[in-house]
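Observations on the three-dimensional arrangement
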Amino acid sequence: MARLITNYLTPLLIFFLLLIAWLSLAYGSTSVGVFDGLIAWFNNEQTEAALIIGEIRLPRTLLALIVGAALGISGAALQGLLRNPLAEPGLVGASQGAALGAATVFYYGVFAGLGTLATAVAGLLGAGAALLFMLLLAGSGRPALVIMAGLAISTVAGAALAVVLNFAPNPYAMQELVFWLMGSVSNRGLDSLIILFPALIIGGALILSQRHLLAALSLGEQVAESMGLSVKKGSRITVLGAACLVGSSVSVAGAIGFVGLLVPHMLRPFVGHRPDKLLIPAALLGAILVCLADIAVRGMPLGRELKLGVLTSLIGAPFFVWLVWKERKRWL
Amino acid sequence: MALITVNNLTVEQRLKAVSLKLHRGELVGLIGANGAGKSTLLHAVAGLQKSSGSIKIDGNPINSIPPHERARIVGIQPQAVSSAWALTVADIVALGRMPWGDEDEAAIERAIERAGISEFRDRIIDQLSGGERARVWLARVLAGEPQLLLSDEPIASLDIHYQLAVMEVLKNYSREDNGVIVAIHDLSLAARFCDRLCLLDKGELIALGTPAEVLTETLLSRAYGVPVDIDLEREPPVVLPK
């Protein structure tokens, strides 16, 4: 069984991804034919089915898939780059950096010239700056240092975020931001994909271009360097790719935590623990999980909506505790 | 022509104007006390360490060779390698093909054969003993089939069985028209396996020659600061602190 999954991992994941996407389009309070709805929407018909599928469920589904893919692949890339199974966009400061960037745009209208792209660009800059500071502070890929540096940068970004909120012109800023940070893919139009989709392609391509480096880094920086690879340049490209992915995801969907941590761990046994072979499957499984979590959120009883990011944290946080426990057993 | 010619190689505070030559088919042992500059010298030759002076491979300055091509010619097995992930032995050896950008089955097979690790090629690296791992790290470098192999203390912390096994592998590899430089602390094994020895003391090269020329009481007590007992006539030769 395990061998079968190993051999057909990517096709299997693609199959499940399509299945979940279909489920996500079909699932909701009103039952609508997915095909009919899609076709009607493509033809610009103003039917109920076209509106529900095309305007509500399609953006939500695509958004969940893209955000999940972005978080999954960046988690896999960061873990490979830092040689650290605990690395995750949220734990190395990238998410908080992105939130800080996006919030600054929200409330002070920085980069107003960029229009709707402003939050995404700010998120990207925030995530990139946070990752760079984290790498500078940690000085190496040593697990304990990376986590400490990530914590430090997250704290700094958190403090700066508090300042931004404190002086926000809008009195409801705090509440808005807290809700937004809980992460959600609902009520976002298709236009948010204009930012996310290119970011996924560019960020994914940057990360995939460094897959050999990630593989070589399994044996450490010296070995990678001795095999003719530039660790410095490659690390920067990988970090830039991850920043691109995390920054744009957070700026559109808020913080959806632990996906980047969880996904690589679930897949590692099926790719022989190879960091280079982990990337594409991590993107696919990330997409599947976030879309699945979003379906679960939609399935909850009406009333106060459970935010998507809250659900992924509820699932992911105990897993993080378990990882620390496992790591502890190695040392005690 | 010499495979590698090192001239006045200097690394600030660690290596002072070291010059040496190595020919194909030669196994040269790098000896000296801790901190004498053995690793620094190996790293500088492999291009992992900034240095001044000149290093030529087959007469071409190493700086004129692009990194990936240099990596095809010079392979280094650093000290204390470890794998961050639970990779299989075969996957680790295959990483050695990276400078070539291929996964040449035949070369990987030869490396596994040379290092004598075929029986655990499908095992996970974490499950192997220190001695078995040492040969896997060596096989990784061998898979790249470098003309110059640099090995940094490959037998430190190995039992005597594996010490001999690893030294045999290095010796045999040098006999296939390749150059090998090995940093080594065990002077008896250095005398037994190496064609020439290079003795470093506080970053300076103080002797270069056959084991008989380098392993003398004066030179060794100068380099290590302790009196030594040397019997190179014995089979195998013995060099021990008094």
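First, a word on scope: everything that follows refers to the structure included in this document. (Residues numbered from 1 in each chain as written. Chains lettered and ligands numbered in written order. Predicted model: local features only at pLDDT ≥ 70, side-chain atom pairs only at ≥ 80, totals over all residues.)

**Some thoughts on the overall build of chain A**
When helices and strands are counted, chain A shows 15 helices and zero strands. Scaling as 2.2 N^0.38, a compact globule of 332 residues should have a C-alpha radius of gyration of about 20 Å, and chain A matches this with 20 Å. Oriented by its inertia axes, the alpha-carbon framework of chain A measures out at about 60 × 55 × 40 Å. Put simply, chain A has 332 residues, and 53% of those count as buried. (Helix = DSSP H or I, 4+ residues; strand = E, 2+ residues; numbered from the N terminus. Rg over C-alpha atoms; globule rule 2.2 N^0.38 Å. Buried ≥ 20, exposed ≤ 12 C-beta atoms within 10 Å, placed from the backbone.)

**With respect to the overall build of chain B**
Along its length, chain B carries nine helices and twelve strands. The globule rule puts the C-alpha radius of gyration for 242 residues at 18 Å, and the 18 Å found for chain B is close to it. Principal-axis analysis of the C-alpha atoms gives chain B an extent of 50 × 40 × 30 Å. Of all intrachain contacts in chain B linking residues separated by at least 6 positions in sequence, the fraction that spans at least 24 positions is 66%. (Contact = placed C-beta atoms within 7 Å.)

**Re the environment of A:Glu88**
Residue and element names in this part refer to chain A. Here Glu88 lies in the loop between α4 (48–82) and α5 (94–108). Sequence separation between Glu88 and Ile280 is 192 residues; the distance between their C-alpha atoms is 17 Å. Once residues within four sequence positions are removed from consideration, Glu88 is found in contact with Gly75, Leu78, Phe258, Gly260 and Leu261.

**Thoughts on the interface of chain B and chain A**
Counting from both sides, the interface comprises 19 residues of chain B and, opposite them, 17 residues of chain A. Within the side of chain B that touches chain A, the residues separate by chemical class into 14 nonpolar, three polar and two charged. (Nonpolar A, V, L, I, M, F, W, Y, C, P; charged D, E, K, R; others polar.)

**As for helix α9 (residues 193–209) of chain A**
All names here are of chain A. The end-to-end C-alpha distance of α9 is 23 Å, a good match for the 24 Å that 17 residues give at a rise of 1.5 Å each. Listed in full, the buried residues belonging to α9 are Ile195, Leu196, Ala199, Leu200, Gly203, Gly204, Leu206 and Ile207. Projected down its long axis, α9 carries its buried residues within an arc of 160°, all on one side. In α9, the exposed residues that point more than 90 degrees away from the buried face are Ile201 and Ala205. Packed against the buried residues of α9 are α4, α6 (117–138), α12 (231–253) and α14 (275–299). (Expected span 1.5 Å × (residues − 1). Arc of directions from axis to C-beta.)

**Re the pairing of strand β12 (residues 238–241) of chain B**
Residue and element names in this part refer to chain B. Strand direction decides the pairing type here: strand β11 (residues 228–231) and β12, joined by four bridges, are antiparallel. The residue bridging Asp229 from the neighbouring strand is Leu240, located in β12. Here β11 hands over to β12 after six residues, the two strands then running antiparallel side by side. (Pairing = 2+ DSSP bridges.)

**A few points about unusual backbone geometry**
The linkage connecting B:Glu235 with the following residue, B:Pro236, adopts the cis geometry, with an omega of -5°. Along the chain, B:Pro236 turns up in the loop between β11 and β12. At A:His273, a residue that is not glycine, the phi angle is positive and equals roughly 60°. Relative to the elements of secondary structure, A:His273 occurs in the loop between α13 (259–267) and α14.

**Side note on the pairing of strand β1 (residues 4–11) of chain B**
All names here are of chain B. The pairing of β1 with strand β2 (residues 15–22) spans five bridges and is antiparallel. Paired with Ile4 across the bridge in β2 is Leu22. In sequence, β1 turns back onto β2 through a hairpin of three residues, with Gln13 there showing a positive phi of about 65°.

**Re the packing of helix α2 (residues 9–26) of chain A against α14(A)**
The axes of two packed helices give the description: the angle between them and the distance between them. Residue and element names in this part refer to chain A. The geometry of α2 relative to α14 is characterised by a closest axis approach of 9 Å and an angle of 25° between their N-to-C directions. The orientation of α2 relative to α14 falls into the category roughly parallel. Along this stretch, α2 crosses α14, giving a crossing that reads as left-handed. Residues Leu9, Thr10, Leu13, Ile14, Phe16, Leu17, Ile20, Ala21, Leu23 and Ser24 of α2 lie in contact with α14, whose contacting residues are Ile280, Pro281, Leu284, Leu285, Ala287, Ile288, Cys291, Leu292, Asp294 and Ile295. For the contact of α2 with α14, the per-class residue count stands at 17 nonpolar, two polar and one charged. (Axes fitted to C-alpha atoms, helices over the stretch in contact; angles between N-to-C directions. Parallel < 35°, antiparallel > 145°, perpendicular 65-115°, else oblique. Left-handed = near helix turned anticlockwise from the far one by under 90°.)

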